[in-house]
Amino acid sequence: MIKRRRVVITGLGAVSGLGLNASEFWSNLVAGHSAIKPLDPPMEGVKINIGAAVPEFDPEEYFSLDELTLLDRYSQLAVIAAQEAVLDANLISGEEILNDAAAIIGSGAGGKHTDEATYDQLYKQQRTRAHPLTIPKGMPSAVASMISRHLGIKGPAFVLASACASGSHAIIQGMAMIQSGIIDVALVGASDAPFTYGLLKSWDALRVTSSDTCRPFCKDRSGMVLGEGAGMLVLESEEHALKRGARIYAEIVGCGMTSDAGHITRPDVDGIINAMNKALHHAEIDPGEVDYINAHGTATLSNDVVETEAINQVFGKHSKELAVSSTKSMHGHALGASSALEIVATILSIYHDIIPPTANFTVADEKCNLDYVPNKARHQVVNVAMSNSFAFGGLNTSIALKKYN
Amino acid sequence: MIFDEVAQIIAKVAHCKIEDVKPESELMALGIDSLKAITVLFELEETFDIEIPNEVIPSIVTVNDILNKIDGIRQ
């Protein structure tokens, strides 16, 4: 086995339908509150009428007018969450430690608000000029540049895209870079702001969204519900964190990444099984040690059955002893950002020994036979947890986390 | 007055007071960097329905330069 440096989490930030910071995110998850509600205002000509949108906020409370000219909504959410994570890690924007830190950010959709505003002007309103900041504001990598700029991060910075696993892949990349000694500190996470006319029409066309609510693993589930937000983490080598006396939330111990090489939207049970097995193997964890899985749990007809089957196969008898919940029932499916928000939820579950529930739960699907922690959070010691994210296009990730000691 | 409209555009992009924009003001001194300059050009083209060729950009230093260029293009 190759000797790797240990990687710990020292800062968290979360912007979601549940609030503009990680403490509101966590307290609402523990209370089982769902942020899913009718879109306000409703979008004309779009079938999707519910979502977990970030509560209304005034961007000018966070950014100057000058800064806002370059910040698409997905960058705004990302920078707010990144600033929270860095402050939470007891680091200050621009300080020396951040000079060499990385910013590795995922996004499923990128700067769609900016792109669509320009396309609307050109295609619909027949204007002849595009706004000159369309490229720097809307390009998929803009969010990494904006985080680097706002926090004074001067190490490697780039964006990863793998649809709904973008955040997990970004976190894994940061972990691997720290394990291998390339960097000591990484700001990692993901951001998405998908409530635009073009994106909602495109999701309409896929026919996978619910008009009721998000009920993962339930018999009467009717599909996924979109959300928006950003989840950010500060990762550090254990040595670096201990040296500066940082508070450690948990340790990120392993990852599994697979791709299906198959159907573009239908999940593949083997791809999911392999991702979880690889994460356990990489983390050197016995399946019986896992207390909690934060599931991908989209509430689509196929995901929940396939993910359940995969968990049964990987964990055998222990699958009936571990807790599985889908926090998407509360923060919605914020595309790439979901995977980062779910890692934040999983870390806080380990830190507080509380398992957030699957909200909106009615009756389990007969093919969904696990303990989904219905509707009510559970106070229980969580030593080892995993977070699953499976993206459209058959891109699967599973991340293993452990209580730090 | 062309000046009033130009001053409004510059003040909006630079986030400065409109009173600070004078014909002799240098754009850089008003906070118009290269990125803001392309936004000013975009707004000028939209407002006056003109095309400002890229070649004239290096010679624009002051607000007066903008006024002269617009005059030249419109003639």
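Heads up: the structure comes first, above all this text.
What you see is a predicted model, and the numbers here were worked out from it, not measured in a lab.

**Considering the overall build of chain B**
A tally of regular secondary structure across chain B gives three helices and zero strands. Along its sequence from the N terminus, chain B presents helices and strands in the succession α-α-α. What you see for chain B is a C-alpha radius of gyration of 11 Å, in line with the 11 Å of a compact globule of 75 residues. Of all 75 residues assigned to chain B, the portion counted as buried reaches 43%. A fraction of 54% describes how many contacts in chain B between residues 6 or more apart in sequence connect residues 24 or more apart. In the form shown here, chain B has an accessible surface area of approximately 4300 Å², with 53% of it arising from carbon and sulfur atoms. Chain B carries 6 positive and 15 negative side-chain charges, and their two centres are separated by 6 Å.

**As for the interface of chain A and chain B**
Tallying the contact residues gives 10 residues for chain A and 12 residues for chain B. Summing the contributions of chain A and of chain B, the shared interface buries around 970 Å²; its carbon and sulfur component is 53%. Of all residues in chain A, Asp66, Arg129 and Pro132 of chain A give up the largest surface area on contact with chain B, accounting jointly for 58% of the area buried on that side. On inspection of chain A and its partner chain B, the count reaches five salt bridges. The partner of Arg127 of chain A in a salt bridge is Glu46 of chain B, with the nearest N and O atoms 2.3 Å apart. Our count for the contact surface shared by chain A and chain B stands at six residue pairs in polar contact (both at pLDDT 80 or more). Across the side of chain A that touches chain B, the residue classes tally to five nonpolar, two polar and three charged.

**Details of the layout of surface pockets**
Leftover empty space is mapped by rolling, across the atoms, a probe with the size of a water molecule. Residues and elements named next belong to chain A. Computed from the structure, the largest pocket encloses a volume of approximately 580 Å³. Asp40, Ala53, Val54, Arg73 and Glu228 are, among the 20 residues lining the largest pocket, the residues nearest its centre. Counting only elements with at least two residues in the lining of the largest pocket, the list comes to β2 (37–38) and α3 (73–88). The residue makeup of the lining of the largest pocket, split by class, is 12 nonpolar, three polar and five charged. The volume enclosed by the second largest pocket comes to roughly 420 Å³. Every element with two or more residues in the lining of the second largest pocket is listed here: α9 (197–206), α12 (301–315), β13 (384–391) and β14 (395–402). At three residues, α12 tops the list of elements feeding residues into the lining of the second largest pocket. Residues that form the lining of the second largest pocket fall into these classes: 12 nonpolar, 13 polar and three charged.

**With respect to the side chain of Thr196 of chain A**
Residues and elements named next belong to chain A. Counting through the fold element by element, Thr196 comes out in the loop between β6 (185–192) and α9. Residue class for Thr196 comes out buried when judged on its relative accessible area of 5%. Leave out the neighbours within four places in its chain, and Thr196 touches Met43, Lys112, His113 and Glu116.

**Regarding the sheet that holds strand β10 (residues 323–325) of chain A**
Residues and elements named next belong to chain A. If you walk across this open sheet you meet the 10 strands as β5-β4-β6-β7-β1-β8-β14-β13-β9-β10, and the pairing is mixed. Bordering the open sheet on either side are β5 (157–160) and β10, each of which pairs with just one other strand. Between one strand and the next, the sheet's axes are offset by a mean angle of 25°, whatever the strand orientation. Sheet analysis places strand β9 (residues 292–294) next to β10, joined by three bridges and oriented parallel. Across the sheet, Tyr292 pairs through a bridge with Ala323, a residue of β10. Seen against the sheet, helix α7 (residues 142–151) touches β4 (102–106), β5, β6 and β7 (229–237) and runs at an angle of roughly 145° to β4. Strands β9, β10 and β13 of the sheet are contacted by α12, whose axis makes an angle of about 140° with β13.

**A short note on unusual backbone geometry**
Cis geometry is adopted by the peptide bond preceding Pro41 of chain A, which originates at Asp40 of chain A and carries an omega value of 0°. Tracing the backbone through its elements, the reader meets Pro41 of chain A in the loop between β2 and β3 (50–51). Here Arg207 of chain A, not a glycine, exhibits a phi torsion of approximately 55°, which is positive. Its identity is not glycine, yet His15 of chain B carries a phi of approximately 55°, on the positive side. Position of His15 of chain B among the secondary structure elements: in the loop between α1 (2–14) and α2 (34–48).

Reading the values: rules and limits
- Along each chain, the written sequence defines residue order, and numbers are assigned to residues from 1.
- Labels follow written order: the first chain is A, the first ligand is 1, and so on.
- Only residues with pLDDT of at least 70 get local features here, since the model is predicted, and only at 80 or more are side-chain atom pairs given and counted; chain-wide, interface and lining totals rely on the full set of residues.
- In computing side-chain values, all of the structure's heavy atoms are included and hydrogens and water are not.
- A run of H or I in DSSP counts as a helix once it spans at least four residues, and a run of E counts as a strand once it spans at least two, with each numbered from the N terminus.
- Computation of the radius of gyration draws on C-alpha atoms alone. For the globule rule, the value is 2.2 Å times the number of residues to the power 0.38.
- Relative accessible area decides the class of each residue, using a 1.4 Å probe on protein chains only: under 20% of the type maximum gives buried, over 50% gives exposed, and in between gives partly exposed.
- Residues are treated as being in contact if the distance between any of their heavy atoms lies within 4.5 Å.
- To be clear on the numbers: accessible area is Shrake-Rupley with a 1.4 Å probe, and residue cover counts the displayed protein chains and nothing else.
- Charge assignment in this entry is limited to Lys and Arg as positive and Asp and Glu as negative, and neither His nor the chain termini are counted.
- Note that the charge is assigned to NZ on lysines, CZ on arginines, CG on aspartates and CD on glutamates.
- Two parts lose some accessible area (1.4 Å probe) when they are put together, and adding that loss for both gives the buried area.
- The rule for a salt bridge is simple: a side-chain nitrogen of Lys or Arg has to be within 4 Å of a carboxyl oxygen of Asp or Glu.
- Polar contacts here mean pairs of N or O atoms no more than 3.5 Å apart (in protein, one a potential hydrogen donor and the other a potential acceptor; neighbouring residues in sequence count only if both atoms are side-chain atoms).
- Polarity classes work like this: nonpolar for Ala, Val, Leu, Ile, Met, Phe, Trp, Tyr, Cys and Pro, charged for Asp, Glu, Lys and Arg, and polar for all others, with Gly in that last group.
- Grid spacing is 1 Å over the protein atoms alone, the probe is 1.4 Å, and a cavity is where that probe fits but cannot get out, while a pocket is an open set with protein on both sides within 12 Å along at least five of seven lines and lining residues have an atom within 4 Å of a point.
- Grid points are joined across faces, edges and corners, and a volume is the space filled by probe spheres set on the points.
- Strands pair, by our definition, only if DSSP identifies at least two bridges between them.
- Fitting a line to C-alpha atoms yields each axis, with helices limited to the stretch in contact; the angle taken between N-to-C directions then spans 0 to 180 degrees.

Treat this as a map of the structure, not an account of what it does.
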